[in-house]
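Spelled out from the first residue to the last, the chains are:
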Amino acid sequence: MRLSSFIAKRIAFNRSGSFSRFIINIAVIATAISVAVMILAIALVNGFQITIQQKIFSFWGHMHINQYQPNAGPLTEQIPFDSDTSIVRYLKNVSGINTVNAYATKSAIIKGEKDLSGVIFKGVDSHYNWTHLQQFMQSGNIIHFNDSSYAPEIIISTTMAKELRLKVNDPLIIYFIQGAGLPPRARKLRVTGIYKTAVEEYDKTYVIGDLELIRKLNNWPAGSIGGYEVFIDDYHKMDQTAEASLNGIPDKLFLRTIRDIYPNIFDWLALQNQSEAIILIIMTIVAVINMITAILILILERTNMVGILKALGMRNSRIQQIFIYQAAYIVLAGLIIGDILGVGLAILQKTTGFIKLDEESYYMSAAAIDLHWYQVLLINMGTFAVCLLILTIPAMVTRKITPVKALQFK
């Protein structure tokens, strides 16, 4: 075992200008590039998914509780019900839930200086937790509520502000759709803030205002709401938390996760996992093919050595071990260089954001990075194991070499 390792080291770390040295360098570089690409692929996909999900959750929460409506979509106005402090208390006691906000929505049309824009008016009350939305505020402030009437203020997106040529403190006219053949009801509001999530489904659709205004327009009793939006600590446990929440919700109310409301976005995010898997498989295949080619060339170049070792009585298994050890040294060198390159580029992107993206297409201006040490470890272990396992096959070529023919080979 030690003799095989010794010979493998001498061959692998031989600095002479032989052809095998060139092949070893190519194999190391190919392995390093494959590992670096795998690390960056995982970091980019993780960062992309987490960033998009955080934007979706921060705007609309993780779960919605409303009165049941068959075939209700994300833009469907809610059936009102009385807010119930006992429901809120129960939900806040469920493990993993941190925020419960009351809200209601209503279809409307905003009239700017020259243009019109159809929107969904999301009404919130004075108890609304703005922590999640403040990260998206580009300018202005949140709504200032008062006790006497509704707040005549509205928060719009940068997309709407640009289309309607509005800025903070500008007045606007908003027409609320009443339905049932009734004419729209106009209200004059003031732009108090401008937000930007870069998620087209939100920025082109939603404005935020006072829930009390929706109550007055719809003639709802005091305290009526359209539903609750619920925020949890860990979105990975969204389904489990939803199940745990059902026991404290009356039968007339219906709970949906945000995945049920916007399935198209989550289906799109799930496709990124498939892309990630394809990249990992391709890069592993590239590394393996390069290693197989390198080992076959090294065996061919060392045919004389194999013949001499066999003539001296070394067993086939020991000779195979020489080339397996040599492959291991090459793979390890490639892994180390690939880790430095991949992790280094990931850290550089996270700190500087030098890889820019089209925000309208990707919902972010720079590629997001999220990388965990265990993922790097798994890439290294998986690449090392797969390469060595497959490289036992070309190493078996040494069994076919006979001492007489090998010593004649030049």
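Coordinates for the structure precede this section.
As the structure is a computational prediction, the values presented were derived from the model and not from experiment.

What follows covers the packing of aromatic side chains. The description of an aromatic ring pair uses the distance of the two centres, along with the angle that the planes make with each other. Summed over the entire model, instances satisfying the criterion amount to 13 aromatic pairs. One aromatic cluster in this structure is built from Phe-59, Trp-60, Tyr-103, Tyr-195, Tyr-202 and Tyr-206. One Lys or Arg, Lys-122, reaches over the ring of Phe-59 and ends 5.2 Å from the middle of that ring.

Taken together, the side chains of Leu-341, Leu-345, Leu-348, Phe-354 and Ile-355 define a hydrophobic patch exposed on the protein surface, amounting to about 390 Å² of accessible area. Position of Leu-341 relative to the elements: it lies in helix 12 (residues 316-352). Since its relative accessible area comes to 41%, Leu-341 is described here as partly exposed.

The next subject is the pairing of strand 6 (residues 153-157). In terms of residue burial, strand 6 counts as a mostly covered element, since five of its five residues are buried. Side-chain alternation along strand 6 places Glu-153, Ile-155 and Ser-157 on one buried face and Ile-154 and Ile-156 on a second face that is also buried. Looking at chain direction, strand 6 and strand 8 (residues 185-195) are connected through five bridges and run parallel. Directly across from Ser-157, in strand 8, lies its bridge partner Tyr-195.

With that settled, consider the pattern of salt bridges. Under the defined criterion, the tally for this structure stands at six salt bridges. A salt bridge links Glu-229 to Lys-122, with the nearest nitrogen and oxygen atoms 3.0 Å apart. Placement of the pair is Glu-229 in strand 11 (residues 227-232) and Lys-122 in strand 4 (residues 116-124), with a sequence separation of 107 residues. When its relative accessible area of 0% is taken as the criterion, Glu-229 is described as buried.

Among the nonpolar cores identified, the biggest contains 73 residues, and Ile-154 and Ile-156 are the most heavily contacted of them. When residues in this core are grouped by element, the largest group, seven residues, is from strand 3 (residues 97-111). Excluding its chain neighbours within four sequence positions, the residues that come into contact with Ile-154 are Ile-110, Phe-121, Leu-172, Ile-174, Leu-189, Arg-190, Val-191, Thr-192, Gly-193, Val-207 and Ile-208.

Attention now moves to the pairing of strand 12 (residues 253-257). Most of strand 12 is tucked away, with four of its five residues classed as buried. Where strand 1 (residues 63-67) and strand 12 come together, five bridges link them in antiparallel fashion. Counterpart to Gln-67 in the pairing with strand 12 is Leu-253.

Topologically, Thr-197 is positioned in the loop between strand 8 and helix 6 (200-203). The exposure class of Thr-197 is buried, given its relative accessible area of 1%. Not counting residues up to four positions away in its chain, the partners in contact with Thr-197 are Lys-55, Phe-59, Phe-136, Tyr-202, Asp-203 and Tyr-363.

Moving on: empty space enclosed by the protein. Rolled over the atoms, a probe with the dimensions of a water molecule shows which regions are left empty. If you walk through the whole model with that rule in mind, you get one cavity of 30 Å³ or more. Taken as a whole, the largest cavity encloses approximately 160 Å³ of empty space. Lining the largest cavity are 18 residues, with Asn-66, Gly-73, Thr-76, Gln-78 and Arg-256 positioned closest to its centre. Secondary structure elements with two or more residues in the lining of the largest cavity: strand 1, strand 3 and strand 12. For the lining of the largest cavity, a count of residues per class yields nine nonpolar, eight polar and one charged.

When we look at burial in helix 3 (residues 85-93), the residues that qualify are Ile-87, Val-88 and Leu-91. Buried residues in helix 3, looked at end-on, bunch into an arc of 100°, giving them a common side. Helix 3 presents Thr-85, Arg-89 and Asn-93 as exposed residues on the side facing more than 90 degrees away from its buried surface. Those residues of helix 3 that are buried lie in contact with strand 1, strand 3, strand 11, helix 8 (238-245) and strand 12.

Reading the values: rules and limits
- Residues numbered from 1 in each chain as written.
- Predicted model: local features only at pLDDT ≥ 70, side-chain atom pairs only at ≥ 80, totals over all residues.
- Heavy atoms only, no water.
- Phe/Tyr/Trp six-rings, centres within 6.5 Å; stacked < 30°, edge-to-face > 60°.
- Lys NZ or Arg CZ within 6 Å of the ring centre and 35° of its normal.
- Patch = residues over 30% accessible without salt bridge, like charges linked within 9 Å, V, L, I, M, F, W, Y side chains within 5 Å.
- Areas by Shrake-Rupley, 256 points an atom, 1.4 Å probe, with all protein chains shown as cover.
- Salt bridge = Lys/Arg side-chain N within 4 Å of Asp/Glu carboxyl O.
- Helix = DSSP H or I, 4+ residues; strand = E, 2+ residues; numbered from the N terminus.
- Buried < 20%, exposed > 50% of the residue type's maximum accessible area, 1.4 Å probe, protein only.
- Pairing = 2+ DSSP bridges.
- Core = buried A, V, L, I, M, F, W, Y, C linked by side-chain atoms within 4.5 Å.
- Contact = heavy atoms within 4.5 Å.
- 1 Å grid on protein atoms, 1.4 Å probe; cavity = no way out; pocket = protein on both sides within 12 Å on 5 of 7 lines; lining within 4 Å.
- Points joined across faces, edges and corners; volume = space filled by probe spheres on them.
- Nonpolar A, V, L, I, M, F, W, Y, C, P; charged D, E, K, R; others polar.
- Arc of directions from axis to C-beta.

That is the geometry; function is a separate question.
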